[in-house]
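This is what each chain is made of:
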Amino acid sequence: MLWLRGDTRPFALVGDWLSAGAVLGSEPLRVARRDCDPFELLDQLPDVGGGDAVAVGGGWVGWLGYGLGARIETLPPPPPAPVPRPSFSLAFYDHVVVFDGEQWWFEALWSSDREDALRERQAVWQERLLSSPPPGRQFETTPFAVAANGSAGHVGAVADCRRRIAEGEILQANLCLRLEAGLEGDPLDLFARALPVARPRFGALLDGVVSLSPERFLRREGRLVATEPMKGTRPRAGEEAASRAAHDSLVGSSKDAAEHVMIVDLMRNDLGRVCEYGSVTVEPARVEPHAGVWQMVSTVSGRLRKDVGDGGLLRATFPPGSVTGAPKVQAMKVIATLEATRRELYTGAIGIASPVAGLDLSVAIRTFEMQEGRIWFGAGGGIVADSDPELELAEAFTKASGPVGAIGGRIADRVGLRRRAVASVPAALNYGRRPDPGRGVFETVLVQRGEPVALDEHLDRLALSMSELYEVKLDPLAAMQARAVAATATGTGRLRILADPDGRLAISVSPERSTAVTEPELSPFAIAGGLGRHKWRDRDLLAALAAQAPGTVPLLIDTDGLVLEAAHANVWIVEGHELLTPPADGRILPGVTRATMLAAERYAREEPIELERLAGADAVFLTSSISLRRAARLAG
């Protein structure tokens, strides 16, 4: 696959894809726009008719992020995204090269208007395949560490999930944590390093993704479709006797068997929605060896109805049941509530839809995602009534250790990542419903004598939010319009800039309201992962928290005991001559006044702060654009 270096949108599918040893491609004919419906795109395949027989020919290649489930079902907003990515990535290739186990073949979905271009690409690939691949390059990652609320947050989420199961809300949910590291290098070299070590069944390289997945999501050949859910894991590394004992333990585990049966039933029901009546069958479960683990696997198959295409098949089955839970929709609601970071591609699907060979998708597990010099990896497992939170954490690390080791990386000391989970602080309305991005974002700017204070900084933050969340640009006239509105204020005022998801702005100014509370009391509430780095117009959760503790200001902390922010302000503590504030790590709003203080105050710095440390500090204060700096204290 190193031949692909320098090409436009290269991809490599290596392993058991479409019964071929490898499929490589680049220079697509079409790249899907982000406002397209990806499920509809997969049905837009050319009619190849007769002609020369090819194994694959081409087709749509890419990935479908877990968040696309919200296009199918009504789900609550997801947790914050440390590094936001689009919801899917698809490109259409009218030519590929295929390795059949013995030799390489150039294949194309031939058309007269593309004949010259395809012959040129054929010549390029012929020259490449007759020469040695170029050498690999170095890449390096920092140690992988658990993101957001860390190991303790995951343990707390598992415990809360068990409570929900006991209360009858769900039967099972798949909960994950996120491991992050810094990356220097090219995903192409990372894939080349990992492939011979991990030897995945479904290896994939495409658009910032390196996947070493063992699990097939969907395989459609003609009207026949099959899925192969995995549920139940044991470590396979170490001495042969220990590995065999782990295998036998999985075979004999009633807990894993029950968990597995629930997911198999879910997948059978999903396929049953689009298959001919009576055609869905289930093969007995088996235990398979994969990179570093034993996995329990079943095959569920059926015959699609004649009116169902790949888009309809995916709408009935996506996201995969093995990485959601049962009942599926309610489990996805629990996932959105309890997990601290948003799933991007992870637990979605990767693969190809070919007009010749059909559809083949893997489950996006054991998968690295890369962007902006960062690399991250999701790991987790199915939680049932008798799951042990500490053992579930250990299983997540077991699943992560094989792929991380395959790229030459390492996981940071797990003991150092642990923090004491919050036990004495009420959950934010049982974690509540996170703010809805569909309601837009906003900025509030202090106005003094008709002049907006730090307007450029506020507009920069607003522009970043609009770009990340909605892929729209801030109106270049926004600064001029905001200054014109602010100039109408007399005395001290409050300028509000409201942004809709389509980029429209509404700008207004009002007199600043004085408050009789000079030193507000802070009432702590725990919410996994916080509310993220955007200033949401949806303030319903914060209003509900304030109503729970009248006369106080909600103080958000994460489930690992770390202080995040107040409802409307950043939090600081004073220890001696030092001014400390929680880091802007994607869980909090990076305040404009906060940034000014960090730059101007000699002894001001970022540092994680536990609730107990805040309680024992010499002083506590809040900063915001309106009140600037105001003393505060914990309630009670």
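The structure reproduced in this document is the subject of the present report. Quantities reported herein were computed from a predicted structural model and do not represent experimental measurements.

**Examining the overall build of the protein**
At step 1: When its secondary structure is counted, the protein shows 15 helices and 36 strands.
At step 2: Since a compact globule built from 636 residues should have a radius of gyration of about 26 Å, the 26 Å found for the protein is in line with a globular shape.
At step 3: In terms of its C-alpha atoms, the protein occupies a principal-axis envelope of roughly 80 × 60 × 50 Å.
At step 4: Sequence separation of at least 24 residues holds for 74% of the intrachain contacts in the protein that already meet a minimum separation of 6.
At step 5: For the protein, the exposed surface amounts to about 26,300 Å²; the carbon and sulfur share of it is 51%.

**Quick look at the nonpolar core**
At step 1: In terms of nonpolar packing, the biggest core is built from 49 residues, with Leu459, Leu462, Leu495, Val563 and Val571 touching the most fellow members.
At step 2: In terms of residue count, helix α11 (residues 455-470) provides more of this core than any other element does, five residues in total.
At step 3: With near-sequence residues (within four places) excluded, leucine 459 lies in contact with Leu474, Ala478, Ala479 and Ile497.

**Here we look at the side chain of arginine 219**
At step 1: Its location among the elements puts arginine 219 in strand β13 (residues 216-221).
At step 2: Of the polar contacts made by the side chain of arginine 219, one reaches the side chain of glutamate 221; its length is 3.5 Å.
At step 3: Within the structure, the side chain of arginine 219 is placed 2.9 Å from the backbone oxygen of alanine 357, a separation counted as a polar contact.
At step 4: Arginine 219 has contacts with Leu18, Leu224, Val225, Ala226, Ala357, Gly358, Leu359 and Asp360, leaving out every residue within four places of it along the chain.

**A word on the packing of helix α3 (residues 150-166) against helix α9 (residues 389-406)**
At step 1: For the pair α3 and α9, the least separation of the axes is 9 Å and the interaxial angle reads 125°. When the axes of α3 and α9 are compared, the pair comes out oblique. You can see that α3 and α9 cross each other, and the crossing is right-handed. Packed against α3, whose contacting residues are Ser151, His154, Val155, Val158, Ala159 and Arg162, the element α9 presents Pro389, Glu390, Glu392, Leu393 and Phe397 at the interface.
At step 2: Residues that form the contact of α3 with α9 fall into these classes: six nonpolar, two polar and three charged.

**Some thoughts on the packing of aromatic side chains**
At step 1: Inspection of every chain in the model, using the stated rule, returns ten aromatic pairs.
At step 2: Taken together through their ring pairs, the aromatic side chains of Trp3, Phe99 and Trp104 make up a single cluster.
At step 3: The ring centre of tyrosine 66 lies 4.7 Å from the NZ or CZ of arginine 343, which sits over that ring.

**Observations concerning the packing of α11 against helix α12 (residues 478-486)**
At step 1: Contact geometry for α11 and α12: axes closest at 11 Å, N-to-C directions at 130°. Judged by the inter-axis angle, α11 sits oblique to α12. Considering the relative orientation of α11 and α12, their crossing is right-handed. For the pair α11 and α12, contact is made by Leu455, Asp456 and Leu459 and by Ala478, Ala479, Ala482 and Arg483, respectively.

**Describing the side chain of glutamate 369**
At step 1: Tracing the backbone shows glutamate 369 in strand β23 (residues 367-371).
At step 2: The buried charged residue glutamate 369 lacks any salt bridge, with arginine 85 as its nearest oppositely charged partner at 4.0 Å.
At step 3: Side-chain polar atoms of glutamate 369 contact the backbone nitrogen of leucine 345, separated by 3.1 Å.
At step 4: Glutamate 369 has contacts with Arg85, Gly208, Val209, Glu344, Leu345, Tyr346, Arg374, Ile375 and Trp376, leaving out every residue within four places of it along the chain.

**Here's the deal with the pattern of salt bridges**
At step 1: Under the criterion given, the structure shown has 51 salt bridges.
At step 2: For arginine 273, the salt bridge identified is with aspartate 270, shortest N-O distance 3.9 Å.
At step 3: A relative accessible area of 7% places aspartate 270 in the buried class.
At step 4: With a shortest N-O distance of 3.2 Å, glutamate 521 and arginine 633 are connected by a salt bridge. Placement of the pair is glutamate 521 in strand β29 (residues 521-526) and arginine 633 in strand β36 (residues 628-634), with a sequence separation of 112 residues.
At step 5: Beyond isolated ion pairs, a larger network of salt bridges with shared partners links Asp16, Arg201, Glu228, Arg286 and Glu288.

**Here's the deal with the sheet that holds strand β25 (residues 441-448)**
At step 1: The four strands are arranged β26-β25-β27-β28 in an open sheet whose pairing can be described as antiparallel. Unpaired on one side and paired on the other, β26 (451-452) and β28 (505-511) mark the two borders of the sheet.
At step 2: Across seven bridges, strand β27 (residues 492-499) lies against β28 in antiparallel orientation. Its bridge partner lying in β28, leucine 498 is registered against alanine 506.
At step 3: Contacts between α12 and the sheet are confined to β25, β26, β27 and β28, with β28 contributing the most and set at about 25° to the helix.

**Details of unusual backbone geometry**
At step 1: Residues phenylalanine 318 and proline 319 are joined by a peptide bond in cis, for which omega reads -10°.
At step 2: A cis amide bond, omega -15°, links alanine 326 with the succeeding residue proline 327.
At step 3: Here proline 327 is to be found in the loop between β20 (325-326) and α8 (328-338).
At step 4: Of note, the phi angle at aspartate 207 is positive, near 40°, even though the residue is not glycine.
At step 5: Structurally, aspartate 207 can be placed in the loop between β11 (202-206) and β12 (209-213).
At step 6: Judged by its relative accessible area of 35%, aspartate 207 is partly exposed.

**What to know about the environment of glycine 551**
At step 1: Note on placement: glycine 551 falls in the loop between α13 (540-548) and β30 (553-557).
At step 2: In sequence terms glycine 551 and valine 31 are 520 residues apart; their C-alpha atoms lie 53 Å from each other.

Conventions we followed
- Residues numbered from 1 in each chain as written.
- Predicted model: local features only at pLDDT ≥ 70, side-chain atom pairs only at ≥ 80, totals over all residues.
- Heavy atoms only, no water.
- Helix = DSSP H or I, 4+ residues; strand = E, 2+ residues; numbered from the N terminus.
- Rg over C-alpha atoms; globule rule 2.2 N^0.38 Å.
- Contact = heavy atoms within 4.5 Å.
- Areas by Shrake-Rupley, 256 points an atom, 1.4 Å probe, with all protein chains shown as cover.
- Core = buried A, V, L, I, M, F, W, Y, C linked by side-chain atoms within 4.5 Å.
- Buried < 20%, exposed > 50% of the residue type's maximum accessible area, 1.4 Å probe, protein only.
- Polar contact = N/O pair within 3.5 Å; in protein donor to acceptor, adjacent residues only side chain to side chain.
- Axes fitted to C-alpha atoms, helices over the stretch in contact; angles between N-to-C directions.
- Parallel < 35°, antiparallel > 145°, perpendicular 65-115°, else oblique.
- Left-handed = near helix turned anticlockwise from the far one by under 90°.
- Nonpolar A, V, L, I, M, F, W, Y, C, P; charged D, E, K, R; others polar.
- Phe/Tyr/Trp six-rings, centres within 6.5 Å; stacked < 30°, edge-to-face > 60°.
- Lys NZ or Arg CZ within 6 Å of the ring centre and 35° of its normal.
- Lys, Arg positive; Asp, Glu negative; His and termini not counted.
- Salt bridge = Lys/Arg side-chain N within 4 Å of Asp/Glu carboxyl O.
- Pairing = 2+ DSSP bridges.

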